[in-house]
Amino acid sequence: MSEMTENESVAEPLKQTKPTDDKEKASATTEEFPLPDWVPQWAREAPKIVVRAPGPKSKEIIKIDRDYVSYAYDRCFTFTIEKAAGTAVMDADGNVLLDFSSGIAVQNAGWTHYKVSRAIQDQAAKLIHSMANDAYFDKEAHFAKLLSEISPGKALKGTFFGNSGAEAVEAAFKLSRYYTKRNEHLAFFGSYHGRIGAGLALTSKLKLRYSYGPLAPGIIFTPFAYCYRCSFKQTYPECGLYCVDYIENQVLSMGGTTGQIASIFVEPIQGEGGYVPPPKEYLPRLRKLADSQGALLIFDEVQTGFARTGKMFACEHYNTVPDILVMGKALGGGVPLGAIIAKPEIMKKWRPGSHSSTFGGNAITMAAGLAHVTAIIEENLADRAAKLGDYAMKLLKEMQLRREIIGDVRGKGLMIGVELVKNQYTKEPHEATNIQGKCWRAGLMTITSGIFGNVFRIAPPLCISKAQLEKGFEIFEQALKDEEEFLKIGTSSPPG
Ligand SMILES: Cc1ncc(COP(=O)(O)O)c(C=O)c1O
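Conventions we followed
Residues numbered from 1 in each chain as written. Predicted model: local features only at pLDDT ≥ 70, side-chain atom pairs only at ≥ 80, totals over all residues. Heavy atoms only, no water. Helix = DSSP H or I, 4+ residues; strand = E, 2+ residues; numbered from the N terminus. Rg over C-alpha atoms; globule rule 2.2 N^0.38 Å. Buried < 20%, exposed > 50% of the residue type's maximum accessible area, 1.4 Å probe, protein only. Areas by Shrake-Rupley, 256 points an atom, 1.4 Å probe, with all protein chains shown as cover. Lys, Arg positive; Asp, Glu negative; His and termini not counted. Charge placed at Lys NZ, Arg CZ, Asp CG, Glu CD. Pairing = 2+ DSSP bridges. Axes fitted to C-alpha atoms, helices over the stretch in contact; angles between N-to-C directions. Contact = heavy atoms within 4.5 Å. Domains from an automatic or database assignment. Buried area = accessible area lost by both parts, 1.4 Å probe. Salt bridge = Lys/Arg side-chain N within 4 Å of Asp/Glu carboxyl O. Polar contact = N/O pair within 3.5 Å; in protein donor to acceptor, adjacent residues only side chain to side chain. Core = buried A, V, L, I, M, F, W, Y, C linked by side-chain atoms within 4.5 Å. Expected span 1.5 Å × (residues − 1). Phe/Tyr/Trp six-rings, centres within 6.5 Å; stacked < 30°, edge-to-face > 60°. Lys NZ or Arg CZ within 6 Å of the ring centre and 35° of its normal. Near = heavy atom within 4 Å. Nonpolar A, V, L, I, M, F, W, Y, C, P; charged D, E, K, R; others polar.

Chemist: Help me understand the overall build of the protein chain in this model?
Modeler: Each helix and strand counted, the protein chain has 16 helices and 15 strands in total. Rg of the C-alpha trace for the protein chain: 23 Å, near the compact-globule value of 23 Å for 496 residues, within the 12% margin. Seen through its C-alpha atoms, the protein chain measures out along the principal axes to roughly 65 × 65 × 50 Å. Counting over 496 residues, the protein chain shows a buried share of 55%. About 22,400 Å² of surface is accessible on the protein chain, with carbon and sulfur atoms providing 54% of the total. Of the side-chain charges in the protein chain, 58 are positive and 56 negative, and the distance between the mean point of each set is 3 Å.

Chemist: Explanation requested: the sheet that holds strand β5 (residues 184-188) in the structure shown.
Modeler: Two orientations exist for strands paired in a sheet by backbone hydrogen bonds: parallel and antiparallel. Strand order in the open sheet made by the seven strands is β4-β10-β9-β8-β7-β5-β6, with mixed pairing throughout. Edge positions in the sheet fall to β4 (157-162) and β6 (219-222), since each of these pairs with one other strand and no more. Averaged over all neighbouring strand pairs, the angle between strand axes comes to 20°, with direction disregarded. Helix α6 (residues 138-150) rests against β4, β9 (324-327) and β10 (338-342) of the sheet, and its axis sits at about 125° to β4. Of the strands in this sheet, β5, β7 (261-266) and β8 (296-300) are in contact with helix α11 (residues 282-293), which crosses β7 at around 170°.

Chemist: Help me understand the domain arrangement of the protein chain in this model?
Modeler: Much of the literature gives interface size as the accessible area that the parts lose upon coming together. Here the protein chain is described as being made up of domain 1 (20-99 + 381-487) and domain 2 (116-378). Facing the 31 residues of domain 1 at the interface are 27 residues of domain 2. Here domain 1 packs against domain 2, burying approximately 2,200 Å² in sum over the two surfaces, 58% of which is carbon and sulfur. Here domain 1 and domain 2 share two salt bridges between them. A salt bridge links Glu419 to Arg229, with the nearest nitrogen and oxygen atoms 2.6 Å apart. Our count for the contact surface shared by domain 1 and domain 2 stands at 15 residue pairs in polar contact (both at pLDDT 80 or more).

Chemist: Got a minute to help me understand the pairing of β9 in this structure?
Modeler: Each regular strand displays side chains that alternate between the two surfaces of the sheet. Both faces of β9 are covered, namely the face carrying Ile324 and Val326 and the face carrying Leu325 and Met327. Across three bridges, the pairing between β8 and β9 is parallel. Counterpart to Asp300 in the pairing with β9 is Val326. Across four bridges, the pairing between β9 and β10 is antiparallel. Across the sheet, Ile324 pairs through a bridge with Ala342, a residue of β10.

Chemist: It is not clear to me how the environment of Pro322 should be interpreted in this structure. Could you clarify?
Modeler: Here Pro322 lies in the loop between β8 and β9. The sequence separation of Pro322 and Leu156 amounts to 166 residues, and the corresponding C-alpha distance is 8.7 Å. If we skip the residues at most four places from it in the chain, Pro322 touches Pro152, Leu156, Arg287, Leu297, Phe299, Cys315 and Lys343.

Chemist: Any chance you could explain the nonpolar core here in plain terms?
Modeler: It is characteristic of soluble globular proteins that their nonpolar side chains tend to be buried jointly. Residues Tyr282 and Phe306 are the most contacted members of the largest nonpolar core, which totals 103 residues. Among the elements that make up this core, the one with the highest residue count is helix α14 (residues 381-402) (10 residues). The two domains that each donate at least three residues to this core are domain 1 (20-99 + 381-487) and domain 2 (116-378). Setting aside residues up to four positions removed in sequence, Tyr282 forms contacts with Phe188, Pro223, Phe224, Ala225, Leu241, Cys243 and Val244. Formed by 23 residues, the second largest nonpolar core is a distinct cluster that contains Phe265, Val302, Val326 and Ala342.

Chemist: Would you mind going over helix α13 (residues 363-378) with me for this structure?
Modeler: Think of an α-helix as turning once every 3.6 residues; residues three or four places apart then point the same way. With 16 residues, α13 ought to run about 22 Å at 1.5 Å a step, and its terminal C-alpha atoms sit 22 Å apart, in line with that. Burial of α13 is extensive: 13 of the 16 residues sit out of reach of the surface. For α13, the capping residue at the N-terminal end is Asn362, with a side-chain oxygen 2.9 Å from the backbone nitrogen of Ile364. Count one or two residues on from α13 and you reach Asn380, which has phi positive near 50°.

Chemist: When you look at the environment of Ile435 in this model, what are you seeing that I'm missing?
Modeler: Within the secondary structure, Ile435 sits in helix α15 (residues 433-441). You can call Ile435 buried: its relative accessible area is 0%. Excluding anything up to four places from it in sequence, Ile435 contacts Ile405, Leu420, His430, Phe456, Ala479, Leu480 and Glu483.

Chemist: Help me understand the pattern of salt bridges, please; the structure alone is not making it clear to me.
Modeler: Note on pairing: side chains with opposite charge can pair once their charged atoms come close. Considering all chains together, one arrives at 23 salt bridges under this definition. In this structure, Arg403 and Glu477 form a salt bridge, with 3.0 Å as the shortest nitrogen-oxygen distance. Placement of Arg403 in the loop between α14 and β11 (406-412) and of Glu477 in helix α16 (residues 466-487) is noted, with a sequence separation of 74 residues between them. Summarising the burial analysis for this pair, Arg403 and Glu477 share the class buried. Beyond isolated ion pairs, a larger network of salt bridges with shared partners links Arg229, Asp408, Arg410 and Glu419.

Chemist: Where do I start with the packing of aromatic side chains in this structure?
Modeler: The description of an aromatic ring pair rests on the distance of the ring centres and on the angle between the ring planes. Considering all chains together, one arrives at 15 aromatic pairs under this definition. Residues Phe77 and Trp440 carry aromatic rings whose centres are separated by 6.1 Å and whose planes lie at 35° to one another, so their mutual orientation is tilted. You can see Phe77 sitting in the loop between α3 (56-68) and β1 (81-85) and its partner Trp440 sitting in helix α15, a full 363 residues away along the chain. Of the two residues, Phe77 and Trp440, both sit in the buried class. Within the aromatic cluster, the residues linked to one another by ring pairs are Phe77, Phe79 and Trp440. One residue, Lys181, lies across the ring of Tyr178, its end atom 4.3 Å from the ring centre. Across from the ring centre of Tyr228, 4.3 Å away, lies the NZ or CZ of Lys427, which sits over that ring.

Chemist: It is not clear to me how the site of the ligand should be interpreted in this structure. Could you clarify?
Modeler: Lining the immediate environment of the ligand, one finds Ser164, Gly165, Ala166, Tyr192, His193, Gly194, Glu267, Glu272, Asp300, Val302, Gln303 and Lys329. Between Gly165 and the ligand, the recorded distance is 2.9 Å, taken from a backbone N or O atom to an oxygen atom. Alone, the ligand offers 390 Å² of accessible surface; in the complex the protein occludes 83% of this. When the residues that make up the shell around the ligand are grouped by side-chain class, the tally is three nonpolar, five polar and four charged.

This is the structure we're talking about:
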């Protein structure tokens, strides 16, 4: 075997590097918001169902999986994923599905973006493990610099890289304790911050916490500004954000704290809680509250970050800068990566050895993440998400007028929640699983969330075309209609 030069790659040459025929096709089209030209032809044809899933090849793998892989995974799609590109996912039997999930808000620039694939392949040929705990690594430094430049208000600096969203939450939790020398934290009903350690302790849902106690002590939960199902039965804006008054006047004085709150942990838009954007005054009020308590304000943007909501970070919609920002999911473009970035005076408190991770700043994750975030910036995907999000919101609001199973439509950019109810007056939740299955059978991959499992997340890759959004909504509405007919709901009458 001949020796390789530094720039040679051991990997197969990339197949999806901007095929010229597709490029010509894309530039010839007059379509508004077309798919980018790097998306291969097979993925442009989504959805295309060739066999009822699970087909024979999927079944073979599922059989082995069921014998050998942990049952802890709660899978909602009975197929084996083979490849994905742009906004489409292909299973082992050749079914091509249109994707409205981005792999849970991970593939923001599109599945298997060619720049991310190429960056991984090039990096893997040179160096895989960067031992970034003990030595310096160029891409880690450059990536941290870029994250500081795009941070809210350009006010944050000093990134700590870990391996997942939950690990990043853990880092933020530790830093807030280290900095304030306090050990109490405020968190919210409907929150989700991960499945381990501090992240699980900060997560409110009983099902996820069940049988894992005792969890980290010192966490006080309070209702989130979930206006559609207000815990206080108030109505915005007349309420004057009673949910924040409640924290100020009751939780902090009568809720059993020691008056020594280290941090307020909040998702600027709740993700797993049901894609819930709070009113515009909410985060500024939390900012004031944190300052008045000498506590740090921590925004968990693991799900909302990297252009998903039409801005690089969701907190920019609220003109509010956190003390610590938590990132994950789309940060890595598909590889396991999480990170925190903070106000410099806070991050600088951590002295060498205060926190660490063997794989933090890993060569592959840095190369992939840097390529993905750069693509999001260069392809102006925040703007695209904002514009397509407005269009999607309009279509869904119109659909809500036709479909009484839809109780609420809300969101920002391409992070939209569609909440299902049995009756628009009683707001009794209607579980989404059946409809999700119907969509999937028809070639649309959607995921759900919400404390009652009744919210559809409309969170496609941000490179989705306008035509694909329309196609996806057609499938979605048909599934809703079938469910309404099946259940005979959709009477617009109030109860009684
Ligand atoms: C807001 C938020 N924080 C943290 C996490 C945990 O991230 P991970 O699953 O990468 O540990 C998630 C995952 O869904 C999340 O949505």
